[in-house]
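Residue-level listing of the chains:
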Amino acid sequence: SSDVCSSDLKEVARSIVSIADSYFKRKHFREALAYYEEYLDKYGDFEDTPYCTYQAGKCFYISKNFPHAVSQFEKVLNEYPDSIWFDRAFMALARIYYEIPKEQKAIARMEALIKEYPKRDICDYAEFLIIILHYSTKNYDIALKRCENLKKNYPNSRYVYAADKLVEDMKDIKKNKDAP
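Conventions used here
- Residues numbered from 1 in each chain as written.
- Predicted model: local features only at pLDDT ≥ 70, side-chain atom pairs only at ≥ 80, totals over all residues.
- Heavy atoms only, no water.
- Salt bridge = Lys/Arg side-chain N within 4 Å of Asp/Glu carboxyl O.
- Helix = DSSP H or I, 4+ residues; strand = E, 2+ residues; numbered from the N terminus.
- Buried < 20%, exposed > 50% of the residue type's maximum accessible area, 1.4 Å probe, protein only.
- pLDDT = per-residue confidence, 0-100.
- Contact = heavy atoms within 4.5 Å.
- Expected span 1.5 Å × (residues − 1).
- Phe/Tyr/Trp six-rings, centres within 6.5 Å; stacked < 30°, edge-to-face > 60°.
- Lys NZ or Arg CZ within 6 Å of the ring centre and 35° of its normal.

Visitor: Please explain the pattern of salt bridges as it appears in this structure.
Guide: Two side chains with opposite charge may pair up if their charged atoms get near one another. Per the counting criterion, the structure on display carries eight salt bridges. Among the ionic pairs, E74 bridges to R109, the shortest N-O distance being 2.7 Å. Remark: R109 occurs in helix α6 (residues 103–116) and E74 occurs in helix α4 (residues 66–79); sequence separation between them is 35 residues. Just as E74 is buried, R109 falls in that class too.

Visitor: Sorry if this is basic, but what is going on with the confidence of the model for the protein here?
Guide: Residues shown with low pLDDT carry predicted positions that ought not to be read at fine detail. Looking at the protein, pLDDT values average 87 and 94% of them are 70 or higher. The secondary structure element of the protein with the lowest average pLDDT is α6, at 82, and the one with the highest is helix α3 (residues 49–62), at 96.

Visitor: When you look at the environment of I173 in this model, what are you seeing that I'm missing?
Guide: Following the sequence through the fold, I173 ends up in helix α9 (residues 160–178). Distance from I173 to Q72, taken between C-alpha atoms, is 39 Å for residues 101 residues apart in sequence. Not counting the four nearest positions on each side in its chain, I173 is found in contact with Y135 and Y140.

Visitor: Mind showing me how you'd approach unusual backbone geometry here?
Guide: Peptide bonds are mostly trans, and most non-glycine residues show a negative phi. Not every positive phi belongs to a glycine, and K27 is a case in point at roughly 65°. In this structure, K27 sits in the loop between α1 (2–25) and α2 (29–43). Residue class for K27 comes out exposed when judged on its relative accessible area of 63%.

Visitor: Can you walk me through helix α7 (residues 123–136) in this structure?
Guide: Residue pairs spaced three or four apart in an α-helix point in one direction, given the helix's 3.6 residues per turn. With 14 residues, α7 extends 20 Å from end C-alpha to end C-alpha; this agrees with the ideal 20 Å at 1.5 Å per step. Here α7 lies mainly inside the structure; twelve of its 14 residues are buried. Of all the positions in α7, only C123, D124, Y125, A126, E127, F128, L129, I130, I131, I132, L133 and H134 are classed as buried. One or two residues past the end of α7 sits K138, with phi positive at roughly 65°.

Visitor: Would you mind going over the environment of E31 with me for this structure?
Guide: With respect to the helices, strands and loops of the structure, E31 is situated in helix α2. For the pair E31 and D21, spaced ten residues apart in sequence, the C-alpha separation works out to 9.8 Å.

Visitor: Quick question: what am I supposed to make of the side chain of R109 here?
Guide: R109 sits in the buried class, given a relative accessible area of 13%. Once you skip the residues sitting within four places of it in the chain, R109 turns out to touch E74, L77, N78, L93 and Y97.

Visitor: Which parts of the structure should I look at to understand the packing of aromatic side chains?
Guide: Think of a pair of aromatic rings as described by two things: how far the centres are apart, and how the planes are tilted against each other in angle. In the structure shown here, the tally under the stated rule is 13 aromatic pairs. Taken together, a centroid distance of 5.0 Å and an interplanar angle of 55° make the contact between Y51 and W85 tilted. Here Y51, found in helix α3, pairs with W85, found in the loop between α4 and α5 (86–99); they are 34 residues apart in sequence, far enough to count as distant. The residues Y51 and W85 share a single accessibility class, namely buried. Taken together, Y36, Y51, Y54, F73 and W85 form an aromatic cluster joined through their ring pairs. If you follow R95 out to its NZ or CZ, it ends over the ring of Y61, 5.8 Å from the centre. Of note, R120 hangs over the ring of Y117, and the distance from its end group to the ring centre comes to 5.8 Å.

See the structure below:
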C-alpha cells in the first residue's frame, strides 16, 4: 500500500512538473515558477528537484529578478553537483555575473568553481570568462596571465583561439600606451 501511495505521489509530482513546463514553453513564466516552486515545496526530495530548481532560476532570470535567480542556480551547484543541471546552472550564473556589473564577484565565483571542480568540462569556459572580465575592466596583466593558464591547463579548448586574439589586442594596447 505504501508503494502505491509512493507511486501516486510521484505521479502527482510529475504532473506538476509537466504543468510548469507547459507554462514555461508558452512563456508564462510567473505561472511556471508557481508550479516549479510548488513542486520544490511539496516534493523537494524527489528526482526532479535539481531540474525544478534550475527552471525556477530561469524563470527568475527571465523576469530580471537576478538575486533570486542567483540563489536558485547556486542551490543547484551546491546541493546537486552530480546533476546534469550543474553545468547549465554554472553557465547561467556566469551570464548573470557578466550582465550585471559585479566583475569581482563573478571572477571569485568562477575561480572557486574551477578550484572545486577542476575536471568539469566547463572549466575552460570559466577561465575564458575570467579573462574577458579582466579584459573588460582593463586589468590586462592579469588577463594575459589567465590566457597563459587557459593555454596551459586546457590546450585543446575551443577558447584558446579567442584568447590568443585577446592577447594580440592587449599587447597592441599596452604597446600604444607605452609609446611616446
